[in-house]
Amino acid sequence: LEVFEDCRYILVGGADADWLVSLGRTDIVLDMIAYVRSRGFTPLVLSQFPTLVLPALESAGCDAEGYAVPLNKNWSWFDRDECVEVIQSISKPIVAFMAFASDNLKKDITGAMEWLYGVAGVESILFGTAIPEHARQTSALALSARGEMDHFQTNIHERLHNHADH
């Protein structure tokens, strides 16, 4: 792991976590997380099968700082709505990847991000680009969408609080 000395976060698991959890070996995934943490990094579990893996790891006492899951407005594995329920039941931050992995989502990046932040409740979005300019543009859209969702949620909470006082 020393090659990552300038990194703060390490994604743990991936297909290994998915298979180990499905085989009932959450203990090995927990050991992987502990090893990454012992080396001074902040572990996040990456899972392709969040509806299976996240509940199993949480019930096993997983102390990863958060999770990275494939999720977008159109789909997730195994089921999008079930995935949203799972991530909303967990208090840890969720990073969505494959956020634009559908042709119609690429036509409305802002709408896809607003759904992820506002409806699904993810903390962050991991995305890839072909050129630096696309990365800058997509990052600006993400910051804007995140800011709008945070502002909207703050206003809703204030209105509910003020209404409850009357």
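The structure contained in this document is the topic of the report that follows. Keep in mind it's a predicted model, so treat the numbers as computed, not measured.

So, about the overall build of the chain. Scanning the chain for helices and strands turns up seven helices and five strands. For the chain, the residues scored as buried account for 37% of the 166 residues in total. When contacts within the chain are restricted to residue pairs at least 6 apart in sequence, those whose partners lie at least 24 apart make up 67%. For the chain, the accessible surface area stands at approximately 9,600 Å², while carbon and sulfur atoms represent 55% of it.

This brings us to the side chain of Asn72. With respect to the helices and strands, Asn72 occurs in the loop between strand E3 (66-70) and helix H4 (80-88). Here Asn74 takes part through its backbone nitrogen, which lies 2.7 Å from a polar atom of the side chain of Asn72. A polar contact of 2.9 Å, which involves the side chain of Asn72, links it to the backbone nitrogen of Trp75. Residue contacts for Asn72: discarding those within four places in its chain leaves Arg80, Met98, Ala99, Ala101, Leu105, Trp115 and Leu116.

Another point: the packing of aromatic side chains. All chains considered together, the criterion is met by two aromatic pairs. Note on Phe49 and Phe78: the rings are 5.0 Å apart at their centroids and 15° apart in plane angle, and the pair reads as stacked. On the criterion of sequence distance, the pair formed by Phe49 in the loop between strand E2 (42-46) and helix H3 (50-59) and Phe78 in the loop between E3 and H4 is long-range, its members being 29 residues apart. On the basis of relative accessibility, which here comes to 27%, the residue Phe49 falls in the partly exposed class.

Counting 39 residues, the largest nonpolar core has Leu54, Tyr67, Leu71, Ile87 and Val122 as its most contacted members. Once you skip the residues sitting within four places of it in the chain, Val122 turns out to touch Leu71, Ile87, Ile94, Ala96, Leu116, Tyr117 and Arg146.

Here we come to helix H2 (residues 26-38). The end-to-end C-alpha distance of H2, which contains 13 residues, comes to 18 Å, matching closely the 18 Å that a straight helix rising 1.5 Å per residue would cover. Among the residues of H2, Thr26, Val29, Ile33 and Val36 are the ones counted as buried. Within H2, the buried residues cover an arc of 85° as seen down the axis, which keeps them to one side. In H2, the exposed residues that point more than 90 degrees away from the buried face are Asp31 and Ser38. Against strand E1 (9-13), helix H1 (15-22), E2 and H3 lie the buried residues of H2. Where H2 ends, the next residue or the one after it, Gly40, has phi of about 90°, a positive value.

Take the pattern of salt bridges next. Evaluated as defined, the whole model comprises six salt bridges. Between Asp63 and Arg37 there is a salt bridge whose closest N-O contact spans 3.5 Å. Of the two residues, Asp63 sits in the loop between H3 and E3 while Arg37 sits in helix H2, which places them 26 residues apart along the sequence. You can call Asp63 partly exposed: its relative accessible area is 42%. Between Arg136 and Glu133 there is a salt bridge, with its nearest N and O atoms 3.2 Å apart. In this pair, Arg136 and Glu133 both sit in helix H7 (residues 132-165), three residues apart, roughly one turn of the helix. Through salt bridges with shared partners, a single ionic network connects Arg37, Asp63 and Glu65.

Conventions and cut-offs
Residues numbered from 1 in each chain as written. Predicted model: local features only at pLDDT ≥ 70, side-chain atom pairs only at ≥ 80, totals over all residues. Heavy atoms only, no water. Helix = DSSP H or I, 4+ residues; strand = E, 2+ residues; numbered from the N terminus. Buried < 20%, exposed > 50% of the residue type's maximum accessible area, 1.4 Å probe, protein only. Contact = heavy atoms within 4.5 Å. Areas by Shrake-Rupley, 256 points an atom, 1.4 Å probe, with all protein chains shown as cover. Polar contact = N/O pair within 3.5 Å; in protein donor to acceptor, adjacent residues only side chain to side chain. Phe/Tyr/Trp six-rings, centres within 6.5 Å; stacked < 30°, edge-to-face > 60°. Core = buried A, V, L, I, M, F, W, Y, C linked by side-chain atoms within 4.5 Å. Expected span 1.5 Å × (residues − 1). Arc of directions from axis to C-beta. Salt bridge = Lys/Arg side-chain N within 4 Å of Asp/Glu carboxyl O.

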